[in-house]
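Summary of structural features
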Amino acid sequence: MATKTQSKYITDLAVLKTKEFKEVKELLLANGIISENAETIKKAQSIAEINNSLTDLQASRFIDILINTKAPARDRTYSKKRVDRTISALDDIKNTIAGWKF
C-alpha cells in the first residue's frame, strides 16, 4: 500500500496534471503500472481508492509519471454574464460595508 506521503503527493499531482479522474486510471494502465486485470483500480471511484490499491513501488513509479506529465491547459476565459454577476456581488458587498458604522 502507498504511504501517506505518497498518497498525498499523488493526489496533489493528479489534480494538477489531469483534468478528469478517468485520465488517472488511463495513465496507470498506459504506463504499465497496473495490469489490464486490475479490477480494483478500474472500479475505483476516488484517488484515495486508487492510492490504497497501489504498492509502494507502484506509487513511486506513478509519482514519476505524474511529474513528467505536462499539465493540461486550463480555460481561463469567463463569460460576460459570469463577470457581470461577480461585479454585481462585489458592488453589493462594498455597499454593505459602506453602510457599517464603527
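Please refer to the structure higher up on the page.
A brief look at the structure comes next. (Residues numbered from 1 in each chain as written. Predicted model: local features only at pLDDT ≥ 70, side-chain atom pairs only at ≥ 80, totals over all residues. Heavy atoms only, no water.)

On the surface, a nonpolar cluster with roughly 530 Å² of combined accessible area is contributed by I93, I97, W100 and F102. The residue F102 is located in the segment after α6 (80-98) in this model. Accessibility expressed as a relative area gives 91% for F102, which makes it exposed. (Patch = residues over 30% accessible without salt bridge, like charges linked within 9 Å, V, L, I, M, F, W, Y side chains within 5 Å. Areas by Shrake-Rupley, 256 points an atom, 1.4 Å probe, with all protein chains shown as cover. Salt bridge = Lys/Arg side-chain N within 4 Å of Asp/Glu carboxyl O. Helix = DSSP H or I, 4+ residues; strand = E, 2+ residues; numbered from the N terminus. Buried < 20%, exposed > 50% of the residue type's maximum accessible area, 1.4 Å probe, protein only.)

Ranked by size, the top nonpolar core spans 19 residues in total, and within it I10, L28, L54 and F62 carry the most contacts. Counting residues per element, the ones that place at least two in this core are α1 (4-17), α2 (21-30), α4 (47-53) and α5 (56-68). If we ignore the near neighbours within four places in the chain, the residues touching F62 are I10, V24, L27, L28, I33 and L54. (Core = buried A, V, L, I, M, F, W, Y, C linked by side-chain atoms within 4.5 Å. Contact = heavy atoms within 4.5 Å.)

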